[in-house]
Amino acid sequence: MNSLLGKTAVITGASSGIGKAIARRLAGEGSHVFIAGRGVERLQEVARTIEDAGGKASIGAFDLNDHGALQAFVAEAARRTGRLDIMVNAAGVHHPGTIADGRTSAWQAMFETNVIAMLVGSQAAIRAMRETASKGHIVTISSYAGEGNAYHVYGATKAAANSVCRALRQELADEPIRTVTIMPGAVATNFGRHFPPEFVNGMFKSVGISTEFKKGDVLSDTMLEALQSHASAIFASPDDIAGAVLYAVTQPHDLSVSEILVGPRKSFPNAA
Ligand SMILES: NC(=O)c1ccc[n+]([C@@H]2O[C@H](COP(=O)([O-])OP(=O)(O)OC[C@H]3O[C@@H](n4cnc5c(N)ncnc54)[C@H](OP(=O)(O)O)[C@@H]3O)[C@@H](O)[C@H]2O)c1
């Protein structure tokens, strides 16, 4: 316990799913976590659970398309604590669908969040780590889909994220800043919020849970945990991914834990 005592971590996408589990895990190990997302009430709830468990959390509610807000949030974390040890780019979005029938706005949203915001967040973290002479880790939550298996336009954004991480790893090799890419398989989160309702409701129905999901809905943790426990062969839990992040950021600093593929033992049926 407390392997990260006194450290500072910024986590985007921390209002839900994988980012939330990472925030809780890093805070549980002693980090002051600066958690970002859009849903202010959900962020406050995450901060409350962290503080109730004796941890430290500060929140920032903004859209990652507001690059200035993201840069300011990262800088503020470093200014308030005098350091920045861990930056986790966990926010991401997936609009499923074929390229032939896709919408430009959906492609833009995916590239903006999954690639551009991840670049902006990583750059802000590098600057803060340099200014505070911190030994840091920049962790990006990519995906199995980034491995080049042609998974919708989303897969292209995650392949781009992987490529950015490889470039960063080279750029920073002579500095005390490591770059880590975590590529999860299917995880029971709100990631399906833009998926067709019949697909999401059918998935829950297949494990005996009745839902009335509509596009954009955010499901409760209780429902997601029930889905994961009924279908653990095809869904990992957010905390499984948090464990991989904790492993990567607690290794000796001269060691590069570059890429981790982590997921359930069976593959997930694709959404159309
Ligand atoms: N779940 C999976 O099966 C899976 C598999 C592989 C990789 N991943 C990756 O894991 C990461 C986390 O996803 P998740 O599964 O935890 O999904 P999730 O439950 O939907 O969480 C996504 C998070 O990203 C935030 N976010 C999205 N767009 C944003 C924006 N424009 N501005 C600010 N915040 C934004 C959301 O904030 P709000 O909710 O506050 O809007 C939320 O906190 C993503 O990068 C995803 O690509 C997920």
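Everything here concerns the structure above.
Remember, it's a predicted structure, so these values are computed and weren't measured experimentally. For every chain, the first residue of the written sequence is number 1, and numbering continues from 1 along that sequence. It should be noted that, the model being predicted, local features are given only for residues of pLDDT at least 70 and side-chain atom pairs only at 80 or more, the latter also being counted only at that level, while totals for whole chains, interfaces and linings use all residues. Computation of side-chain values: all heavy atoms of the structure, hydrogens and water removed.

Asks: Lay out the overall build of the protein chain in plain terms, naming residues and giving numbers.
Replies: Secondary structure elements follow DSSP: runs of H or I of four or more residues count as helices, runs of E of two or more count as strands, with numbering from the N terminus. The secondary structure content of the protein chain amounts to eight helices and seven strands. Atoms considered for the radius of gyration are the C-alpha atoms alone. The globule rule reads 2.2 Å times the number of residues to the power 0.38. Against the globule reference of 19 Å for 272 residues, the protein chain gives a C-alpha radius of gyration of 18 Å, in line with a compact fold. Projected onto its principal axes, the C-alpha coordinates of the protein chain cover approximately 50 × 40 × 35 Å. Contacts are residue-level and defined by heavy atoms, with any inter-residue pair within 4.5 Å sufficient. For the protein chain, long-range pairs separated by at least 24 residues make up 70% of all intrachain contacts whose partners lie at least 6 apart in sequence. Surface accessibility follows the Shrake-Rupley procedure with a 1.4 Å probe radius. Residue values consider only the protein chains on display as shielding. A total accessible area of about 12400 Å² is found for the protein chain, and carbon and sulfur atoms account for 51% of it. In the protein chain, the 25 positive side-chain charges and the 25 negative ones have mean positions that sit 1 Å from each other. Counted as positive: Lys and Arg. Counted as negative: Asp and Glu, with His and the chain ends omitted from the count. In plain terms, the charge of a residue is placed at NZ if it is Lys, CZ if Arg, CG if Asp and CD if Glu.

Asks: Please provide a residue-by-residue account of the nonpolar core, values included.
Replies: Among buried residues, those of type Ala, Val, Leu, Ile, Met, Phe, Trp, Tyr and Cys that are joined through side-chain atoms within 4.5 Å constitute a nonpolar core. Throughout this description, buried means an accessible area under 20% of the type-specific maximum (1.4 Å probe, protein chains only), exposed means over 50%, and partly exposed covers the range between. Judged by nonpolar contacts, the single largest core of 36 residues is most densely connected at Ile 11, Leu 26 and Ile 182. For this core, the element with the highest residue contribution is helix α8 (residues 238-249), accounting for seven residues. Excluding anything up to four places from it in sequence, Ile 182 contacts Val 139, Thr 140, Ile 141, Ser 142, Ser 143, Ile 241, Ala 244, Val 245, Ile 260 and Val 262. Formed by 25 residues, the second largest nonpolar core is a distinct cluster that contains Leu 70, Phe 73, Val 120 and Leu 168.

Asks: I'd like a description of the pattern of salt bridges, backed by residues and values.
Replies: Here a salt bridge means any side-chain nitrogen of Lys or Arg lying within 4 Å of a carboxyl oxygen belonging to Asp or Glu. Summed over the entire model, instances satisfying the criterion amount to eleven salt bridges. The salt bridge involving Asp 239 is made with Arg 25; its shortest N-O contact spans 3.0 Å. On the criterion of sequence distance, the pair formed by Asp 239 in helix α8 and Arg 25 in helix α1 (residues 17-28) is long-range, its members being 214 residues apart. Put simply, Arg 166 and Glu 259 hold a salt bridge, and the shortest N to O gap is 2.7 Å. Linking Arg 166 in helix α5 (residues 152-171) with Glu 259 in strand β7 (residues 259-262), this pair joins segments that are 93 residues apart in sequence. One connected set of salt bridges, linked through shared partners, spans Glu 147, Arg 166, Arg 169 and Glu 259.

Asks: Tell me about the pairing of strand β6 (residues 177-184), and please be specific about residues and values.
Replies: Working note: regular strand, side chains alternate between the two faces of the sheet. Summarising burial for β6: eight of the eight residues are buried, a large majority. Side chains of β6 alternate between two faces, with Ile 177, Thr 179, Thr 181 and Met 183 and Arg 178, Val 180, Ile 182 and Pro 184 buried alike. Where strand β5 (residues 136-141) and β6 come together, six bridges link them in parallel fashion. Looking at β6, one finds that Ile 138 is bridged to Thr 179. Strand direction decides the pairing type here: β6 and β7, joined by four bridges, are parallel. If you follow Thr 181 over to β7, its bridge partner there is Glu 259. Here, a strand pair is defined by DSSP locating no fewer than two bridges between the strands.

Interpretation note: all reported values are geometric properties and have no functional meaning in isolation.
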